[in-house]
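# Per-entry structural report
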Amino acid sequence: MERTDVGGVHVKYLHHCHRQLWLYARGVRPEHLSERVRLGEAVHEVSYDRFRPVDLGAAKLDHLDGDLWVHEVKSSRRPTAADEAQALHYCLRLIDVGVEARGAVLHYRPTRRTIRIPFDDEQRARAMGDIAAVLDIVERSDPPDRLDRPRCAGCSYIDYCWTD
């Protein structure tokens, strides 16, 4: 896997579960079976129809506004480190292709909350570190250890990790 192959889902999984990231990078994709994933897709489709997705190959962001802020729609109620890391990754990817992204806006539909994250040198370093960490995990020959089972509740990869 090359640096440019790292997408937002890879970064999100890096911050959620290294085993999930490792499996995803090998083509294991059970997300279509997840009710949470389907809910997130439905929320996005009906709540933010004015947004136009931007496809950067491995990275697909929800929207880039005229002021060069990345917008990401989330179906969860609370912000997570994974949400922020994914949005910062999109900013870095845009800069890599010559678009000077100013930062990201996370939209949490269930609570109608938004969080604005400026993209600066510190955030750039974090995003670059995430790419390096993704590549390190993906290049392992053996899967990373699974999380404690209670942390796996609702994960679409649970059968891959907990079926013996």
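Parameters and conventions
Residues numbered from 1 in each chain as written. Predicted model: local features only at pLDDT ≥ 70, side-chain atom pairs only at ≥ 80, totals over all residues. Heavy atoms only, no water. Axes fitted to C-alpha atoms, helices over the stretch in contact; angles between N-to-C directions. Helix = DSSP H or I, 4+ residues; strand = E, 2+ residues; numbered from the N terminus. Parallel < 35°, antiparallel > 145°, perpendicular 65-115°, else oblique. Contact = heavy atoms within 4.5 Å. Nonpolar A, V, L, I, M, F, W, Y, C, P; charged D, E, K, R; others polar. pLDDT = per-residue confidence, 0-100. Pairing = 2+ DSSP bridges.

Here the focus is the packing of helix 2 (residues 18-25) against helix 5 (residues 121-138). Viewed as axis vectors pointing N to C, helix 2 and helix 5 meet at an angle of 70°, and their least axial separation amounts to 9 Å. The orientation of helix 2 with respect to helix 5, classified from their angle, is roughly perpendicular. Contacts between helix 2 and helix 5 involve His18, Leu21, Trp22 and Ala25 on the former and, on the latter, Val134, Ile137 and Val138. A breakdown of the residues in the contact of helix 2 with helix 5 according to their chemical character gives six nonpolar, one polar and no charged.

On average, the chain scores 88 in pLDDT, and the residues at 70 or more come to 87%. For the chain, helix 3 (residues 35-47) is the element with the lowest average pLDDT, namely 53, and helix 5 is the one with the highest, namely 98.

Here the focus is the sheet that holds strand 5 (residues 103-108). Read across the open sheet, the four strands follow the order 3-4-5-6; overall the sheet is mixed. Lying at the two open borders of the sheet, with one neighbouring strand each, are strand 3 (63-64) and strand 6 (113-118).

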